[in-house]
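Commentary on secondary and tertiary structure
Residue-level listing of the chains:
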Amino acid sequence: MSERHLQPLLHDLVGVVHAPTSALGDAAGQIRAHGVQGVFHADARVLSRAELRLDDRETEPLTRGSAGPHAARFVALARWLGDPTPDPTVRIERTRQAGPHGLTEELVVSSTATGPVRTTVSVDLACDLAPIELVKSGGSGTPLEAKAGEPGRVQWAADGLTVTVTGEAATVDATGDRATAPRLSWPVTLAPGESATLRWRLAVTDPKAVVTAAPPGPGWSEPAVRADDRRLVRLLDRSLADLRGLRLAEPAHPEDVFLGAGVPWFLTLFGRDSLWAARMMLPLGTDLAAGTLRVLARRQGARVDPATGEAPGKILHELRRHEFTLDEGLRLPPAYYGTVDATMLWIGLLHDTWRWGLPADQVEPLLPHLEAALGWLGEHADADGDGFVEYVDTTGHGLANQGWKDSGDAVRFRDGRLAASPIVLAEVQGYAYQAAVNGADLLDAFGRPGADRWRSYADRLATRFRGAFWVDGPHGSQPALALDRDKCPVDSLTSNIGHLLGTGLLSDAESAQVAALLSTEALAGGFGLRTMSTDDAGFSPLSYHCGSIWAHDTAIVLGGLARAGHREAALRLADGLLAAAEAFDYRLPELYGGDDRAALGRPVPYPAACHPQAWSAASAVLLLQAALGVYPDVPAGRVDLRPLAGPELGALAAEGLRIADTPVKVTVDNTCHPTLTGLPATLTIPTPRQPTTRQPTTPTHSPT
């Protein structure tokens, strides 16, 4: 039997991140030459081993915890040292701090023994400079030979990368067998009650990196939040700390900040992920969104290139330093455009950022890019001319699926069969409708032609969608997940339909039916929203896209439910998300298992989930917005308030949200009554409507 190369598991590893640097080690604090452990910098593993020992013995781990937004602390014991009593008397604290260009560790050895303690502390190192895709596919690089130079210093260099480790007052052994496994060591003698502090640091020089560290500062408001449900406060605090570590920029434009998608596989620019995360963060200011829009606009497609998926006006999918190659035949070029939705999401982000108060002088330079993006929608998004936006990989080595569920088996019929491409995804038609309407609004507002064309496009798309997508399912009429190559509805029930809420593509009756479907036990019976219902043959709770739960997916859908007034359905998803956050120590992973809530009483980890992950962390801000119910339209001079907080979720207050670049305070009491203070005089608050729960009505399959 041939050996299977499996993606390494990482759910129980401890990570620290200050983009573009991240480090993953085990629960004891060791970084071992195994799996995905290591220190990574911009798509390369710059350190594959960092193992701490005392007297050439491993210590016994005791506990670990966060030591700030970019650091972790590990506590261990050396029970063979010190007094021969049941109580340990020699303790080691190891603090790992990620920085934008490397990493530092502080080792504190302390003794409460009654006599002197003598030991030798050592750290064994290795460097393989393995590319991230090799690690992701279960492989590893060959350890490189180190060069010892100045006292306490060891260095590796290859392919333009230079990695330097320096141990303060340490002795370096990099000779013989230790050329590929150099050791830093320090002799330590402690009197009773004394401690010794040792330090080593790693520095990376990487002139070929396509991303770089963002300037200091969070780049968004840090709100002060009070909530009856303290889970929301804890989730928000942890999420904003994680997001600070994911901030990135391009070397030539450090002023434009965006969020890297996630640790460890995706710590770079991703069109869809960076756009969604920036959109979720709008309640804290428009700077991040504006930077993300500009970064992606500079790389907007200019020509038709099947090899990269590029087309005029199209927005990038992902950016790497070199070709991204995996064992299963996937070969993505460094700048890859294989995404069907990022272009429309870019339009949506520009529109929403404008509504939150992005000044006109920042919107106007992006309008040519808006027109180009609309041009892609009208001229390149519909290859077969049937009026729908579709995708197909023509290269044979790109992404077979190009929506947010981009794994190869993500698009399945109810009976489990895989759909054949070209694929027309349901939610993508919603994005297209919304992009056309949003684009038309922007064109009108800035005196540019073409708005009528795009409103007509949206009307025609809604009519076609209503006729082609609605099918009968186990819970009544439902939108299909997709249309396949033969325009046959892919009839599984999935979370994708939740993304249609708020796009304008659905009628009120259709939205109510979608809300009812999203509330079924088959979709909502876990800790959030399942990606596929338990009624479908393709369902598996640990499938990447066919049964698992994604935090961002759940948040997007609950946000749509809340805004549309489907309070009960939104509250159920919010409670699932908060319960999951509590189970994961308030760092929501990329995804987790879709098991029933009653099965274990806690969510099952997905073993290869990224954490931290940008749109999972940003989901906390979207949840806060939905709970407060703040929906601004600065160009129209109004802010609507439709809070989700109240009797079920509890009272909530947030100070430091930003509308029109002005800090505001929003409070919602236990009766669901909202108050907003601090608005500029140019904005008004219409009388808020009372929250209601709409009753689902089965829609017809033709326009009403």
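These lines cover the structure that appears in this document, whether it is placed above or below.

Conventions used here
Residues numbered from 1 in each chain as written. Predicted model: local features only at pLDDT ≥ 70, side-chain atom pairs only at ≥ 80, totals over all residues. Heavy atoms only, no water. Helix = DSSP H or I, 4+ residues; strand = E, 2+ residues; numbered from the N terminus. Rg over C-alpha atoms; globule rule 2.2 N^0.38 Å. Buried < 20%, exposed > 50% of the residue type's maximum accessible area, 1.4 Å probe, protein only. Contact = heavy atoms within 4.5 Å. Phe/Tyr/Trp six-rings, centres within 6.5 Å; stacked < 30°, edge-to-face > 60°. Lys NZ or Arg CZ within 6 Å of the ring centre and 35° of its normal. Pairing = 2+ DSSP bridges. Axes fitted to C-alpha atoms, helices over the stretch in contact; angles between N-to-C directions. Salt bridge = Lys/Arg side-chain N within 4 Å of Asp/Glu carboxyl O.

Broken down by element type, the protein carries 15 helices and 36 strands. For the protein, the C-alpha radius of gyration of 26 Å lies close to 27 Å, the compact-globule estimate for 704 residues. Across its three principal directions, the C-alpha atoms of the protein cover 85 × 55 × 55 Å. The proportion of buried residues among the 704 residues of the protein is 60%. Sequence separation of 24 or more characterises 65% of the internal contacts of the protein that already satisfy a separation of 6 or more.

Moving on: the packing of aromatic side chains. Taken as a whole and judged by the stated rule, the model has 11 aromatic pairs. With a centroid separation of 5.1 Å and an interplanar angle of 75°, the aromatic rings of W404 and W550 are classed as edge-to-face. With W404 in the loop between α7 (367-379) and β25 (424-425) and W550 in strand β30 (residues 549-550), this residue pair connects regions lying 146 residues apart in the sequence. This pair shows no difference in class: W404 is buried, exactly as W550 is. Measuring from centroid to centroid gives 6.3 Å for W404 and W615, while their planes differ by 90°, and the two rings are edge-to-face. Linking W404 in the loop between α7 and β25 with W615 in helix α15 (residues 614-628), this pair joins segments that are 211 residues apart in sequence. Clustering of aromatic rings is evident, with ring pairs tying together W404, Y544, W550, Y606 and W615. Over the aromatic face of F413 sits the side chain of R417, whose NZ or CZ is 4.2 Å from the ring centroid.

Okay, the sheet that holds strand β16 (residues 195-205) next. Read across the sheet, 8 strands follow the order β6-β7-β8-β9-β16-β13-β12-β11 without closing on themselves; strand pairing throughout is antiparallel. Looking along the sheet, the strands with just one partner apiece sit at the ends: β6 (60-66) and β11 (147-148). Note that strand β8 (residues 90-99) and strand β9 (residues 102-111) share 10 bridges and pair antiparallel. By the bridge assignment, Q97 is partnered in β9 with T104.

A separate point is the sheet that holds strand β15 (residues 183-190). Each strand in a sheet pairs with its neighbour through backbone hydrogen bonds, running either in the same direction (parallel) or in the opposite one (antiparallel). Taken in spatial order, the 4 strands line up as β5-β10-β15-β14 in an open sheet, and their pairing is antiparallel. This sheet does not close on itself; its edge strands, each paired only once, are β5 (49-54) and β14 (171-173). Within this sheet the neighbouring strands show an average axis-to-axis angle of 20°, counted without direction. Of the strand pairs in this sheet, β5 and strand β10 (residues 117-126) are connected by 6 bridges, and their pairing is antiparallel. By the bridge assignment for β10, L52 is matched with V123.

Here we take up the pairing of strand β32 (residues 630-633). Here β32 shows two buried faces, one formed by V630 and P632 and the other by Y631 and D633. Two strands pair when backbone bridges link them, and β32 and strand β33 (residues 638-641) are joined in this way by 4 bridges, in the antiparallel orientation. Following the sheet pairing, Y631 is matched in β33 by D640. Joining the antiparallel neighbours β32 and β33 is a turn of 4 residues, in which G637 adopts a positive phi near 75°.

This brings us to the pattern of salt bridges. Where side chains of opposite charge bring their charged atoms close, a pairing between them can arise. Scanning the model with the defined rule gives 53 salt bridges in all. A single network of salt bridges, built from pairs that share partners, joins D26, R32, R49, E51, R53, D56, E58, D124, R178 and R183.

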